[in-house]
Amino acid sequence: MSVVMTTQYREVLRLLLGSILVLGVPADLPPCEEPFIYFPGVGCMTDPLIPHPMNYTQAIEYCQSIGGYLLEPSTDEIQGFIFDNLFGSVEYDYWLSLRRNGSEFIWDHSQQPLSFDAWGVDEPNLNQDCAMASVEHSFFWATSQCDVERGVICNAPERLGLCSGPKWTFVEQLDQCFLWDTDSMSWENAVDFCKSQGDRVHLVEILNSKKNEILKEALSNDPIAYSKGSFWMGLNDREREGQYIWENSGLEASFFDWSENQPAGDAQDCTVMYYGGNFQWYDSDCPSFFYPLCEEDAE
Ligand SMILES: [Ca+2]
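Only a predicted model underlies this, so the values are computations on that prediction, with no experimental measurement involved.

Conventions we followed
- Residues numbered from 1 in each chain as written.
- Predicted model: local features only at pLDDT ≥ 70, side-chain atom pairs only at ≥ 80, totals over all residues.
- Heavy atoms only, no water.
- Helix = DSSP H or I, 4+ residues; strand = E, 2+ residues; numbered from the N terminus.
- Buried < 20%, exposed > 50% of the residue type's maximum accessible area, 1.4 Å probe, protein only.
- Contact = heavy atoms within 4.5 Å.
- Donors = N, O, S within 2.8 Å, 3.2 Å for Na, K, Ca; no water.
- Pairing = 2+ DSSP bridges.
- Arc of directions from axis to C-beta.
- Core = buried A, V, L, I, M, F, W, Y, C linked by side-chain atoms within 4.5 Å.
- Salt bridge = Lys/Arg side-chain N within 4 Å of Asp/Glu carboxyl O.
- Disulfide = S-S within 2.5 Å.
- Axes fitted to C-alpha atoms, helices over the stretch in contact; angles between N-to-C directions.
- pLDDT = per-residue confidence, 0-100.

**Brief notes about the overall build of the chain**
Of the regular secondary structure elements, the chain holds 6 helices and 17 strands. In the chain, which comprises 299 residues, the proportion classed as buried is 46%. Once local pairs closer than 6 in sequence are excluded, the contacts in the chain between residues at least 24 apart make up 65%.

Pasting the structure below:
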């Protein structure tokens, strides 16, 4: 019953918001797009009380198909969400985005080692390849065969709907959308790639320390960004050696966050936020392949 009410409420809210937007009055958009529900502190989740049973591979694909990823309890807060919402409410085991890699389990979505774990007693059992929040273990984690059907909760970044697509990330402290889930390419192709993503989209420009620190932290904390590596910025000295210009605005840079011994090369005229240097800045050959970091300017 509560699920039906929620759906009706969201529909009414959506219609109301639609009419407000038509009138041009600013409105606070809901932080998650359907079918996701907003849970403060943990982001957007599908309804935890609808188990939607399927096998592990199907669960991964299903979550991707709706713009999210399978539940990855990488923090205390997300594990708390599991306890709070499942314990006493459902009798289903729920898949976690965890997979065995040799003698350890790693996050399947980001391919990162575990930063946090909540294994049940006598777990993990390394004879099994997948893992779940287990009813038998009071929703602590237990391993499982992958080909059985279990409940599914998908997770998605907050305010998905405010950015241009599901691969974009909304960085709340900057009130801005960024795209870093991209393929690697040369700097020139990265410039074109970002511009092809929308009228207000371009390779990132970092004019001050505040934006730089927030972005470095966002890249370090985002499993996809962190798994990729280094990101092209708009900064370059292609026209005149040592005169650094931001490509989109044409502004000459006055703020820099060069890593030690950087910039290194007269012949290196493009720049990256470098993975190996905690996303401090390096210069690089423009034809090298790195990942474009696109940003969307506010309207
Ligand atoms: Ca240079």
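Next comes the rest of the account.
**Description of the coordination of the calcium ion**
For a metal with four tetrahedral donors the ideal donor-metal-donor angle is 109.5 degrees, whereas six octahedral donors ideally subtend 90 or 180 degrees. Around the calcium ion, the donor atoms from the protein are Asp 237 (OD), Asp 237 (OD), Glu 241 (OE), Glu 241 (OE), Asp 266 (O), Gln 268 (O) and Asp 269 (OD), and they sit 2.4 to 3.1 Å away. Each donor residue of the calcium ion belongs to the same chain, and together they define the spacing D-x3-E-x24-D-x1-Q-D. Residue classification places Asp 266 among the exposed residues on the basis of a relative accessible area of 63%.

**Points about the sheet that holds strand 8 (residues 154-156)**
With respect to topology, 4 strands assemble into an open sheet ordered 1-2-8-3, the strand pairing being antiparallel. Each of the sheet's edge strands pairs with one partner strand only, and the pair in question is strand 1 (37-39) and strand 3 (69-70). Of the strand pairs in this sheet, strand 3 and strand 8 are connected by 2 bridges, and their pairing is antiparallel. Residue Leu 70 lies in a different strand from strand 8, and its bridge partner there is Cys 154.

**Considerations on helix 4 (residues 187-195)**
The complete set of buried residues in helix 4 reads Trp 187, Ala 190, Val 191 and Cys 194. Take helix 4 and look down its axis: the buried residues cluster within an arc of 105°, on one side only.

**Overview of the nonpolar core**
Judged by nonpolar contacts, the single largest core of 23 residues is most densely connected at Trp 180, Ile 206, Met 273 and Trp 281. Looking at this core, the elements with two or more residues in it are helix 5 (209-221) and strand 12 (231-236). Tallying contributions element by element places helix 5 first for this core, with 4 residues. Residues contacting Trp 180, with those up to four places away along its chain left out, are Thr 169, Val 171, Leu 215, Ala 218, Leu 219, Asp 222, Ala 225, Lys 228, Phe 231, Pro 292 and Leu 293. By size, the runner-up hydrophobic cluster in this structure holds 22 residues, among which are Met 45, Trp 107, Trp 119 and Ala 133.

**Topic: helix 3 (residues 76-86)**
Listed in full, the buried residues belonging to helix 3 are Ile 78, Gln 79, Gly 80, Phe 81, Ile 82 and Leu 86. Looking one or two residues past helix 3, Gly 88 carries a phi angle of roughly 85°, positive in sign.

**Quick word on the pairing of strand 9 (residues 168-171)**
Here strand 9 shows a buried face lined by Trp 168 and Phe 170 and a second buried face lined by Thr 169 and Val 171. Sheet topology note: the strand 9/strand 10 (residues 176-179) ladder contains 4 bridges and is antiparallel. Each bridged residue has a counterpart across the sheet, and for Val 171 the counterpart in strand 10 is Gln 176.

**Focus on the pattern of salt bridges**
Evaluated as defined, the whole model comprises 9 salt bridges. The salt bridge partner of Asp 129 is Arg 100, with a shortest N-O separation of 2.9 Å. In this pair, Asp 129 sits in the loop between strand 5 (104-107) and strand 6 (130-133) while Arg 100 sits in strand 4 (residues 94-101), placing the two residues 29 residues apart along the sequence. Measuring nitrogen to oxygen at the nearest pair gives 3.7 Å for the salt bridge that ties Asp 181 to Lys 228.

**Describing the state of the cysteines**
Enumeration according to the criterion identifies 4 disulfides in this entry. The disulfide partner of Cys 194 is Cys 294, and the gap between their sulfur atoms is 2.1 Å. The disulfide joining Cys 194 to Cys 294 has a torsion of about -85° about its S-S bond and is therefore left-handed. Taken together, the residues Cys 194 in helix 4 and Cys 294 in strand 17 (residues 294-296) connect sequence positions 100 residues apart. The exposure class of Cys 194 is buried, given its relative accessible area of 0%. Sulfur-sulfur distance for the disulfide between Cys 270 and Cys 286 comes to 2.1 Å. Taking the sign of the S-S torsion, 95° for the link of Cys 270 and Cys 286, the bridge is right-handed. Residue Cys 270 is found in strand 14 (residues 270-274), and its partner Cys 286 is found in the loop between strand 15 (280-284) and strand 16 (291-292); the two are separated by 16 residues along the sequence.

**Focus: the sheet that holds strand 11 (residues 201-203)**
Overall, antiparallel pairing links the 4 strands, which are arranged 9-10-17-11 in an open sheet. Looking at strand neighbours, the two that pair on one side only are strand 9 and strand 11, the edges of this open sheet. When strand polarity is set aside, the average angle formed by the axes of neighbouring strands in this sheet is 30°. Set on the sheet, helix 4 makes contact with strand 10, strand 11 and strand 17; between it and strand 11 the angle comes to about 165°. Helix-sheet contacts for helix 5 involve strand 9, strand 10 and strand 17, and the interaxial angle to strand 10 is about 50°.

**Quick notes on the confidence of the model for the chain**
Mean pLDDT over the chain: 86, with 87% of residues reaching 70 or higher. Across residues 1-27, confidence stays below pLDDT 50; counting only partners more than four residues off in sequence or on other chains, it has 16 contacts.

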